[in-house]
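Understanding the architecture of this molecule
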Amino acid sequence: MNRRNFIVSSIAVGGGLLLKFENSLGANADSEIGNFLRVSSNGDVIFHFVKHEMGQGVSTAMAQIISEELCADWSRVKIDLPLADMKKYNANFDTGGSCTIIYQWDLLRQAGAMARQMLIQAAAQQWNTTPENCYAENHMVINRQSSRKIGFGQLASAAAKLNPPKEVKLKTSKEYNIIGKRKKAILVPEIVTGSLQYGIDVKLPGMLYAQIERCPVFKGKLKSFDATNALKVEGVKQVFTTKPIAGLQTLTPYMPHDIREGVVVVADSFWAAKKGREALIIEWDEGVNGNLSTEDFEKLAQQRAMHRTDPTGYTGDENAVSNVDHVRKTLRAQYVFPHQLHSCMEPLNCTAHANPDGCEIWMGSQAPNLIVTELARNFQWKEENIKVHLFTSGGGFGRRYYPDMAFEAAYISKIAGNIPVKMMWTREDEHRCNLGHMFQHMEYQAALDKDGKLYAWYEKELRTYTWAARYHDPALPTMAYEIPNVRFDFEDLIADELVHSSAWRGVIIHGRAYAECFVDEIAADQKKDPYEFRLSMLSKDRDVHVGDGNFLSSKRMRNVLMLACSKAGWGKPMSAGRGMGICLYPYGGSYVCTVAEITVTNEKVKVDRVTVALDCGLVINPLGVENQVTGGIVWSLTALFHGGMPIKNGRVMHSNFHQNKLLRMDECPEMEVHFVETNDEKPGGVGEISSPMAVPAVLNAIYAATGKRIRKVPISLQDIIPG
């Protein structure tokens, strides 16, 4: 939606004020995007949440924005998950890229303010006065002259009959009572009591269950299968293949997804489907990937990294790093960020009920719009005949943006005879046959002039997932350091990857943030303090263009750097085996600096404390942001200590959480989150900003403590303390 959209009202079922957005073309326009906010006759405010809640708390933050302008009693605000009606909501469902609050800010404020003014107008008519003589406060409309009060619920039906005002008056930041306050996630009580439903909880009359035995090797083929024994398992109904829908799907250039060839077992219970699957006899054609392992792929990436390609973008002299007239010393380094598993707590699942003309889907999805488009494209169904029932999910981290689960489930339901079927992944499926976070190989080169100053920076990135087929515009490294000559080369490894790559919380920043390790390498070579060295390269007030229309503020970078180092006590004396490290990086219009403090002993590397300074503009819910940031740090430390997706003979070696470990509570450091004071009137993104930050910060701290450079995760104590 853009700012031209406005609200129209109607009488809700059972009475009350029901607001819905329409395009400015009018009430009969095809661009109506649906029921959004309801003030019930009992006084409850029902916020129809059309984004995806996967534990990040965005539903609470969005409810805070709309409740602020509505002047609602926060305890009376409830969240509802509506049907994902693409026409009604103008496909306004996708959740990713730390953009939800950024994009919804204006819309939600307008909605809340519009409802407030309509309630005030209804009260004014009842009291035979003017709206100017009334105001809203804490779920009441109050008469300024008589001090009479009337609740929102009592006014809702009358307000629904009014024409919406053409203009609304929004609050100023000084008037905020809910925005900026620490609010616990609204859905937590339902999560704790088990009343909140997830996709995996869906049960339908006559529903069957499906398990898929997928090819264990990416791009492998199904040669043959024997289902004789599987069909003997009690409860097994049907067995068939997924070959007709298998392969790489390019629904959009930025979100491709892969479906592996496999064999489906449909049964009357999950256990019967699982046992039937185990009884299958399958022969695979593994292809060339069946002979390859992680080491082979990393060697290929390293070889290709040594060759320069045309620059994706540059400033100054594109070949300055090799200019012998100016360069007196060159530093080089390679860093590798391997594939990672998403490790969602709720296994992937989807329930589908196909019919000859369309399909119903029940699942938690970050992008139900892609599900509708994908199913319509592949099954020749009309989009209006595809219904998606949305649920919260037990973790998404980017994986639930892809529509492959729905595609598989819809296909199974259709082939099984248009019956409702729940398709579920096991933990082993998720670990061995899943999409993985992209692999990144980073090549760095720095040129120092005769005065020892950083004269040129060269960076090459090789990546298995490009977010687009190729950058549409010139791009540079995402940093605001003042370096005379900067060049960035990019090359994709998609054709050679051993597992289909995907987005993971933080997306491309995990590998790119290694630049902060190379900054430390340059500082060490120059015998300069890492904090002072960074500060010296950040002008006090400079906007840096890094391509694709994006600008970085050196001032905001300086502010988070200084705040984080101040709060962390940077420069304090450190005993032997202890060290501190910095990572400074922007993401999603926000800026973050992380300082890690560690202790290295002969037994382990212990992260003692992580201090984070954040500039994300206006903070809607400080508690929610702190939870997001600390959760991202835990995610980053998991990659640091336990991550990776090792492949041998084309097969992922980790089968479950005993191998793909997550960070344990006794490994979690003390964490602090501090906000830079700002006059910014709008929020920035925070959902993914911290998840790439702890790795570079800890690696820099390890060097400070031991003098050892580690350039790949997960780390090994043997790499730090040989023998």
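Residues numbered from 1 in each chain as written. Predicted model: local features only at pLDDT ≥ 70, side-chain atom pairs only at ≥ 80, totals over all residues. Heavy atoms only, no water.

**Some points on the sheet that holds strand β24 (residues 454-463)**
On the basis of which strands lie adjacent, the open sheet formed by five strands has the order β16-β25-β24-β23-β17 and mixed pairing. For this open sheet the edge positions go to β16 (311-315) and β17 (329-337), each flanked by a neighbour on one side alone. Sheet twist, expressed as the mean angle between neighbouring strand axes with direction ignored, is 10 degrees. One ladder, built from nine bridges, connects β17 with strand β23 (residues 440-448); its direction is antiparallel. Paired with Val-336 across the strands is His-441, a residue of β23. (Pairing = 2+ DSSP bridges. Helix = DSSP H or I, 4+ residues; strand = E, 2+ residues; numbered from the N terminus. Axes fitted to C-alpha atoms, helices over the stretch in contact; angles between N-to-C directions.)

**Some details on the sheet that holds strand β30 (residues 590-600)**
Read from one edge of the open sheet, four strands run β29-β30-β31-β34, paired in mixed fashion. At either margin of the open sheet sits one strand with a lone partner, and together these are β29 (578-587) and β34 (670-675). Taken over all neighbouring pairs, the strand axes of this sheet differ in orientation by 15 degrees on average, direction set aside.

**A look at the pattern of salt bridges**
Under the counting rule described, the total for this entry stands at 38 salt bridges. Between Glu-672 and Arg-609 there is a salt bridge whose closest N-O contact spans 3.2 Å. Taken together, the positions of Glu-672 in strand β34 and Arg-609 in strand β31 (residues 605-615) put the pair 63 residues apart, joining distant regions of the chain. A cluster of three or more residues bridged by salt bridges with shared partners is formed by Glu-213, Arg-214, Arg-277, Glu-408 and Asp-429. (Salt bridge = Lys/Arg side-chain N within 4 Å of Asp/Glu carboxyl O.)

**Some words on the packing of aromatic side chains**
Per the counting criterion, the structure on display carries 14 aromatic pairs. The interplanar angle of 75 degrees and the centroid separation of 6.2 Å between the aromatic rings of Phe-240 and Tyr-411 together place this pair among those described as edge-to-face. Of this pair, Phe-240 sits in strand β11 (residues 236-241) while Tyr-411 sits in helix α9 (residues 404-415), and the two are 171 residues apart along the sequence. Grouping residues by exposure puts Phe-240 and Tyr-411 together as buried. Relative to Trp-635, the ring of Trp-504 lies with its centre 5.9 Å away and its plane at 35 degrees, an arrangement referred to as tilted. With Trp-504 in the loop between β26 (501-502) and α11 (509-512) and Trp-635 in helix α15 (residues 622-642), this pair connects stretches of sequence that are 131 residues apart. Just as Trp-504 is buried, Trp-635 falls in that class too. An aromatic cluster of three or more residues is present, and its members are Tyr-335, Phe-337, Phe-397, Tyr-444, Trp-457, Trp-504, Tyr-514, Phe-518 and Trp-635. Seen from the ring of Tyr-458, Arg-308 lies directly overhead, with NZ or CZ sitting 4.4 Å from the centre. (Phe/Tyr/Trp six-rings, centres within 6.5 Å; stacked < 30°, edge-to-face > 60°. Buried < 20%, exposed > 50% of the residue type's maximum accessible area, 1.4 Å probe, protein only. Lys NZ or Arg CZ within 6 Å of the ring centre and 35° of its normal.)

**Thoughts on the nonpolar core**
Counting 103 residues, the largest nonpolar core has Trp-457 and Tyr-514 as the members making the most contacts within it. Formed by 51 residues, the second largest nonpolar core is a distinct cluster that contains Ala-113, Cys-134, Leu-196 and Ile-620. (Core = buried A, V, L, I, M, F, W, Y, C linked by side-chain atoms within 4.5 Å.)

**Digging into the layout of surface pockets**
Approximately 710 Å³ is the volume found for the second largest pocket. Lining the second largest pocket are 26 residues, and of these Cys-71, Arg-116, Ile-120, Tyr-135 and Ala-136 lie nearest its centre. At the level of secondary structure, the elements contributing two or more residues to the lining of the second largest pocket comprise α1 (58-70), α2 (100-127) and β6 (134-137). Considered class by class, the residues forming the lining of the second largest pocket number eleven nonpolar, six polar and nine charged. (1 Å grid on protein atoms, 1.4 Å probe; cavity = no way out; pocket = protein on both sides within 12 Å on 5 of 7 lines; lining within 4 Å. Points joined across faces, edges and corners; volume = space filled by probe spheres on them. Nonpolar A, V, L, I, M, F, W, Y, C, P; charged D, E, K, R; others polar.)

**A short note on a nonpolar patch on the surface**
A grouping of Val-188, Ile-191 and Val-192 is seen on the molecular surface, where their side chains present a nonpolar patch of about 270 Å² in accessible area. Its location among the elements puts Val-192 in helix α4 (residues 188-193). (Patch = residues over 30% accessible without salt bridge, like charges linked within 9 Å, V, L, I, M, F, W, Y side chains within 5 Å. Areas by Shrake-Rupley, 256 points an atom, 1.4 Å probe, with all protein chains shown as cover.)

**As for the pairing of strand β5 (residues 77-80)**
By the alternation rule, side chains of β5 split into Val-77 and Ile-79, which are all buried, and Lys-78 and Asp-80, of which none is buried. Pairing analysis gives four bridges linking strand β4 (residues 45-48) to β5, with the strands arranged parallel. Considered in β5, the bridge of Phe-47 is made with Ile-79. The parallel pair β4 and β5, bridged by α1, forms a crossover whose chirality is right-handed. (Right-handed = clockwise from strand over helix to strand, strands pointing away.)

**Some remarks on the confidence of the model for the protein chain**
Across the protein chain, pLDDT averages 91, with 93% of residues at or above 70. Low pLDDT (under 50) marks residues 1-14, which in the prediction has 45 contacts with non-local residues, meaning those over four places away or in another chain. Note on residues 21-34: pLDDT is under 50 here. Beyond four places in sequence and across chains, it has 34 contacts. (pLDDT = per-residue confidence, 0-100. Contact = heavy atoms within 4.5 Å.)

**Re the packing of helix α12 (residues 515-525) against helix α16 (residues 694-706)**
Close contact between α12 and α16 brings their axes to 9 Å; oriented N to C, the two are set at 25 degrees. Comparing the axis directions of α12 and α16 gives the class roughly parallel. Handedness of the α12/α16 crossing: right-handed. Contacts between α12 and α16 involve Glu-516, Cys-517, Asp-520 and Ala-524 on the former and, on the latter, Pro-696, Leu-699, Asn-700 and Tyr-703. Class assignment for the residues of the contact of α12 with α16 results in five nonpolar, one polar and two charged. (Parallel < 35°, antiparallel > 145°, perpendicular 65-115°, else oblique. Left-handed = near helix turned anticlockwise from the far one by under 90°.)

**Some thoughts on the state of the cysteines**
By the definition in use, this model includes zero disulfides. Cys-433 supplies the cysteine sulfur nearest to Cys-215, a cysteine that is in no disulfide, at a spacing of 7.7 Å. The thiol of Cys-616 is unpaired, and the distance to the nearest cysteine sulfur, on Cys-99, comes to 14 Å. On the basis of relative accessible area, Cys-616 is assigned to the buried category, the value being 3%. (Disulfide = S-S within 2.5 Å.)

**A short note on the environment of Thr-241**
Residue position: Thr-241 is located in strand β11. For the pair Thr-241 and Gly-262, spaced 21 residues apart in the sequence, the C-alpha separation amounts to 5.7 Å. The residues contacting Thr-241, other than those within four sequence positions of it, are Leu-222, Phe-225, Gly-262, Val-263 and Tyr-411. Within polar-contact distance, the side chain of Thr-241 engages the backbone nitrogen of Lys-243 at 3.4 Å. (Polar contact = N/O pair within 3.5 Å; in protein donor to acceptor, adjacent residues only side chain to side chain.)

**Section: the environment of Trp-635**
Owing to a relative accessible area of 10%, Trp-635 belongs among the buried residues under this scheme. Considering only alpha carbons, one finds Trp-635 and Val-39, 596 residues apart in sequence, at a separation of 39 Å.

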